[in-house]
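Single-letter residue listing:
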Amino acid sequence: STQGVSSAASDVYKRQAASDVYKRQALERAGVETRVLSAIPVNDLAEPFIRRRALRHLEKKRVVVLARGTGNPYFTTDTTAALRALQIRANVLAKGTKVDGVYSADPEEDPDAEFFEELTFLDVLQQRLRIMDSTAVSLCMDNSLPINVFNMKEQGNIVKFLSGERLGTMVV
């Protein structure tokens, strides 16, 4: 086991961190220097998350993939993403999904779902648009951190996002 974590849970963490390593590999194939950091120990796959280390990588113009959660109960990966984005002083939180952005309903279930190019945080919370949990959205709103929701499965979108191209839906 890994620091008191059962071997089954440890295997799950490693599989999940491996998906972030695949993101790193894809970015590096595109010529983008990348590091994966994780608060949950998976030392053979990711560096430990240390805020100063993350900031140093960013200063060196590296992309930093912040893997998985905080390792604390009650914190979803969405809330962790918002927390980490604030800790590293990000300009925007990238929320990669399997659809093009935010819709009024699930576009895979409702062909009449309306696509939103831009929303406010309050729109997301009041309309209960399930892009992220409400704690994560509130944390971003309280700290004026925009959320860019886009399709990360579409070839090239991550590199486009990193290049500053507008994709999907902006929540401001």
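Read on for a plain summary of the structure. Given the structure is predicted, the values throughout are model-derived calculations rather than measurements.

Rules used throughout
- Residues numbered from 1 in each chain as written.
- Predicted model: local features only at pLDDT ≥ 70, side-chain atom pairs only at ≥ 80, totals over all residues.
- Heavy atoms only, no water.
- Pairing = 2+ DSSP bridges.
- Helix = DSSP H or I, 4+ residues; strand = E, 2+ residues; numbered from the N terminus.
- Phe/Tyr/Trp six-rings, centres within 6.5 Å; stacked < 30°, edge-to-face > 60°.
- Buried < 20%, exposed > 50% of the residue type's maximum accessible area, 1.4 Å probe, protein only.
- Salt bridge = Lys/Arg side-chain N within 4 Å of Asp/Glu carboxyl O.

A few words on the sheet that holds strand β1 (residues 34-38). Each strand in a sheet pairs with another by means of backbone hydrogen bonds, the pair being arranged parallel or else antiparallel. Strand order across the open sheet formed by 3 strands is β2-β1-β3, with parallel pairing between neighbours. The open sheet has two edge strands with one neighbour each: β2 (47-48) and β3 (63-67). One ladder, built from 5 bridges, connects β1 with β3; its direction is parallel. Paired with Leu-37 across the bridge in β3 is Leu-66.

Looking now at the packing of aromatic side chains. The final tally for this structure, using the stated rule, is 2 aromatic pairs. When the ring of Tyr-103 is compared with that of Phe-115, the centres are 5.3 Å apart and the planes differ by 65°; the resulting orientation is edge-to-face. On the criterion of sequence distance, the pair formed by Tyr-103 in strand β5 (residues 102-103) and Phe-115 in strand β6 (residues 115-116) is long-range, its members being 12 residues apart. A residue is classified by how much of its surface remains accessible, and Tyr-103, at 18% relative accessible area, is buried. Given a relative accessible area of 34%, Phe-115 falls into the partly exposed group.

What follows concerns the pattern of salt bridges. This model, assessed by the stated rule, comprises 10 salt bridges. Measuring nitrogen to oxygen at the nearest pair gives 3.2 Å for the salt bridge that ties Arg-56 to Glu-59. Of the two residues, Arg-56 and Glu-59 both sit in helix α2 (residues 51-59), 3 residues apart, roughly one turn of that helix. In this structure Arg-56 comes out as partly exposed when scored by relative accessible area, which is 45%. A single salt-bridge network, built from bridges that share partners, covers Glu-33, Arg-35, Glu-47, Arg-53 and Arg-62.

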